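# What the coordinates show
Letter by letter, the chains look like this.
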Amino acid sequence: MTQAEVAAAVRTILIQHFHIQAEQFSWELPLEALHEDFKILGYLVFLEQLLHQRFGKKIPLLENCSTAFHTAQDIVKLTMNEL
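Parameters and conventions
- Residues numbered from 1 in each chain as written.
- Predicted model: local features only at pLDDT ≥ 70, side-chain atom pairs only at ≥ 80, totals over all residues.
- Heavy atoms only, no water.
- Phe/Tyr/Trp six-rings, centres within 6.5 Å; stacked < 30°, edge-to-face > 60°.
- Helix = DSSP H or I, 4+ residues; strand = E, 2+ residues; numbered from the N terminus.
- Buried < 20%, exposed > 50% of the residue type's maximum accessible area, 1.4 Å probe, protein only.

Considering all chains together, one arrives at five aromatic pairs under this definition. Seen from their ring centres, Phe-18 and Phe-38 are 4.9 Å apart, and the 35° between their planes marks the pair as tilted. Remark: Phe-38 occurs in the loop between helix 2 (31-34) and helix 3 (41-55) and Phe-18 occurs in the loop between helix 1 (3-17) and helix 2; sequence separation between them is 20 residues. A ring pair is formed by Phe-25 and Trp-27, whose centres lie 4.8 Å apart and whose planes are at 90°; its orientation type is edge-to-face. Relative accessible area serves as the criterion here: at 11%, Phe-25 is assigned to the buried category.

Right, here's the structure in full:
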């Protein structure tokens, strides 16, 4: 799977499941800036589950991601490292 395909999937997941408006989506903003509910640990758990469903591999977000600092681009990089 290419990085572009992973990026498209991550973007789609964030927009469809976390109520982030497409025009407000940014690869460079921390997840909490994209949607303030990412401050709640359950949102990161849900994202991890959705990534697992989409890619068929566990993507360890809880262990490797801080929603206050990490961006959607960081999620793509972490996913690529696990695939």
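As a further point, take the environment of Thr-12. Within the secondary structure, Thr-12 is located in helix 1. Through-space distance from the C-alpha of Thr-12 to that of Ala-22 is 9.0 Å; in sequence the pair is ten residues apart.

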